[in-house]
Amino acid sequence: MTVIQLVPELDAGGAERSALEIGRALVAAGHRSIVVSGGGRLVAQLIAEGSEHVELPIGRKSLGSLRHVGTLRALFKRERPDIVHARSRVPAWLGWLALRGRKPKPHFVTTAHGLNTPGRYSAIMARGERVICVSNTVRDHLLHNYPGTDPASLIVIPRGVDTDEFPYGYQPGDSWREWFFAEFPQLADVPLLTLPGRGTRLKGHADAIELVADLKARGIEVALLLLGAHQAGRESYVAELLELAKTRGVAGRLAISPPRDDVRDVYAISALILQLSNKPESFGRTVIESLSLCRPVLGYDHGGVGELLADLYPVGRVAPGDRARLVERAAELLHRAPAIAPLQRYRLADMQEATLALYQELAAS
């Protein structure tokens, strides 16, 4: 097969990572993988893993992007793909328009990675011959907001964790621990709670700080790392969080870091990983990464996070915004967390296998 994936760029994010992971699986299975994007830091890795890259700025939310329809049409004519797979809204519109009237017509697949705001612009993600949903939450979202969608066209293929990258029971070495706690001495000598997420109010950072204060009121001393929240342009928000921690008397046990490359090590030394987004999310990648390492997760029971916890670690679920229950459950998990079994699903290999099976089914039809 020849498969062309369309993504806005190759810098970071779930759609971009999935494009690389599927490209790698296609090449390993002897197929041809082409990715069209506006470029980015992951291009070198994509090419090193055997895929081809066509640089085209197909992710810009502008009417000017329509000029790329002709370029895509010419690319499809030249490469004759079996599958065109769009992973974002602007690329999906451009790919859909480029395929109109083409005979023979490649199979058009979309992946709904997020809970996009409903409307005509987002509706393109439900127009694929097959629509991959990264969770049942996303599938329900599409069916609710686009009632004309054929349920049979929707297939749930969750994103998966690379269990080689996040091995069961992994622990970092002493040298890394010494280096980490030298950087963050306020996190040492007590159980560490980690909330990963960018610097936005939606991620529930304030709830995490309140949780630390509530635990302290119960005589349970913990530290909190807001991993990835310290970003350029978010200085006022970070200052707000620091002021809240000071007011609640826990500033001495708080660290707010920029995004880091050693998240596996941080998760591995954490007593508890938190997922407290106050808005439902499409998936919960950090949930399966943490559980893959055999680390307990505590999160709000909605969206993709609630879905994963219900399936893999139900004791980690708490109703959104229920502070009293949150502190009770945190205390229970810190005292004695239930055993966590090695992952038997939600693995990267599962996602790759299911996606390639879908491609092969379409290509044979």
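Attention here is on the structure that accompanies the text. Worth saying up front: this structure is predicted, and the values here are computed from it rather than measured.

Some words on the packing of helix 7 (residues 205-217) against helix 8 (residues 235-247)
Look at helix 7 against helix 8: their axes get within 10 Å of each other, and the N-to-C directions meet at 20 degrees. Considering their axes alone, helix 7 and helix 8 lie roughly parallel with respect to each other. You can see that helix 7 and helix 8 cross each other, and the crossing is right-handed. Facing helix 7, whose interface residues are His205, Ala206, Ile209 and Glu210, helix 8 presents Tyr237, Leu241, Leu244 and Ala245. Classifying every residue of the contact of helix 7 with helix 8 by side-chain character gives six nonpolar, one polar and one charged.

Some points on the sheet that holds strand 6 (residues 130-133)
Ordered in space as 3-2-1-4-5-6-7, the seven strands form an open sheet in which the pairing is parallel. Unpaired on one side and paired on the other, strand 3 (52-55) and strand 7 (154-156) mark the two borders of the sheet. Each strand axis lies, on average, 20 degrees off the axis of its neighbour in the sheet, ignoring direction. In the sheet, strand 1 (residues 2-6) pairs with strand 2 (residues 32-37) via five bridges, with the strands oriented parallel.

So, the pairing of strand 2
Across a regular strand the side chains alternate sides, sitting on one face of the sheet and then on the other. The buried count for strand 2 comes to five of six residues, which makes it a mostly enclosed element. In this view, the connection linking strand 2 to its parallel neighbour strand 3 by way of helix 2 (residues 43-48) has right-handed handedness.

Regarding helix 8
With 13 residues, helix 8 extends 18 Å between its outermost C-alpha atoms, agreeing within 8% with the 18 Å of an ideal straight helix rising 1.5 Å per residue. Every buried residue of helix 8 is listed here: Tyr237, Val238, Leu241 and Ala245. Buried residues of helix 8 fall within an arc of 100 degrees about the axis and therefore sit on the same side. Projecting away from the buried face of helix 8 at angles above 90 degrees are the exposed residues Ser236, Lys246 and Thr247. Here the buried face of helix 8 lies against helix 7, strand 9 (223-227) and strand 10 (254-257). Where helix 8 ends, the next residue or the one after it, Gly249, has phi of about 75 degrees, a positive value.

Focus on the packing of helix 7 against helix 12 (residues 323-335)
When two helices pack together, their arrangement is given by the angle between the helix axes and by the axis-to-axis distance. One can describe the packing of helix 7 onto helix 12 by two numbers: an axis separation of 10 Å at closest approach and a directional angle of 65 degrees. Judged by the inter-axis angle, helix 7 sits roughly perpendicular to helix 12. Crossing of helix 7 against helix 12: the hand is right-handed. Where helix 7 abuts helix 12, its residues Glu210, Leu211, Asp214 and Leu215 lie against Arg323, Leu326, Val327, Ala330, Ala331 and Leu334. In the contact of helix 7 with helix 12, the residues fall into seven nonpolar, no polar and three charged.

Brief notes about the nonpolar core
The biggest cluster of nonpolar side chains holds 71 residues, and the ones touching the most others in it are Leu193, Leu224, Leu226 and Leu274. In terms of residue count, helix 7 provides more of this core than any other element does, six residues in total. Those residues in contact with Leu193 that sit more than four places away from it in its chain are Leu211, Val212, Leu215, Val222, Ala223, Leu224, Leu225, Leu272, Leu274 and Leu334. Counting 20 residues, the second-largest nonpolar core is a separate cluster that includes Ile4, Ile58, Ala92 and Ile124.

Describing the sheet that holds strand 12 (residues 297-300)
What the six strands build is an open sheet, ordered 10-9-8-11-12-13; its pairing is parallel. A strand with exactly one partner marks an edge of an open sheet, and here the two such strands are strand 10 and strand 13 (317-318). As paired strands, strand 9 and strand 10 are joined by four bridges and run parallel to one another. Within strand 10, the residue paired with Leu226 across the bridge is Ile256. Here helix 7 sits on the sheet in contact with strand 8 (192-196), strand 9, strand 10, strand 11 (272-275) and strand 12, set at roughly 175 degrees to strand 9. With respect to the sheet, helix 8 is in contact with strand 9 and strand 10, its orientation differing from that of strand 10 by roughly 170 degrees.

Some details on helix 12
For helix 12, which comprises 13 residues, the first-to-last C-alpha distance of 18 Å matches the rise-based estimate of 18 Å (1.5 Å per residue) to within 8%. Check the buried side of helix 12 and you find it contacts helix 7, strand 11, strand 12 and strand 13.

Parameters and conventions
Throughout, residues of each chain are indexed from 1 in the direction in which the sequence is written. Restriction of local features to residues with pLDDT of at least 70 applies here, the model being predicted, together with a cutoff of 80 or more for giving and counting side-chain atom pairs; totals for whole chains, interfaces and linings are based on all residues. Derived side-chain values reflect all non-hydrogen atoms in the structure, with water molecules and hydrogen atoms excluded from consideration. Structural elements are reduced to axes, namely lines fitted to C-alpha atoms, with helices fitted over the stretch in contact, and the angle between N-to-C directions of any two is expressed from 0 to 180 degrees. Each helix is a run of DSSP H or I of at least 4 residues and each strand a run of E of at least 2, with the numbering of both proceeding from the N terminus. Angle categories: roughly parallel below 35 degrees, roughly antiparallel above 145, roughly perpendicular from 65 to 115, and oblique for all the rest. The handedness criterion is simple: a crossing whose near helix is rotated anticlockwise from the far helix by less than a right angle is left-handed, and one whose near helix is rotated clockwise is right-handed. Whether two residues touch is decided by their heavy atoms; if any such pair falls within 4.5 Å, the residues are in contact. By the convention adopted, Pro, Cys, Tyr, Trp, Phe, Met, Ile, Leu, Val and Ala count as nonpolar, Lys, Arg, Asp and Glu as charged, and the other residues, Gly among them, as polar. The pairing criterion is simple: DSSP has to find at least two bridges between the two strands. In this scheme, a residue with accessible area under 20% of its type's maximum is buried, one over 50% is exposed, and one in between is partly exposed, where area comes from a 1.4 Å probe on protein chains only. Every crossover in which the path from the first strand over the helix to the second runs clockwise, viewed with the strands pointing away from the viewer, is termed right-handed. The span one expects for a helix is its residue count, reduced by one, times 1.5 Å. Working note: the arc is built from the helix axis to C-beta atom directions. Residues enter a nonpolar core if they are buried and are Ala, Val, Leu, Ile, Met, Phe, Trp, Tyr or Cys, with the set joined through side-chain atoms within 4.5 Å.

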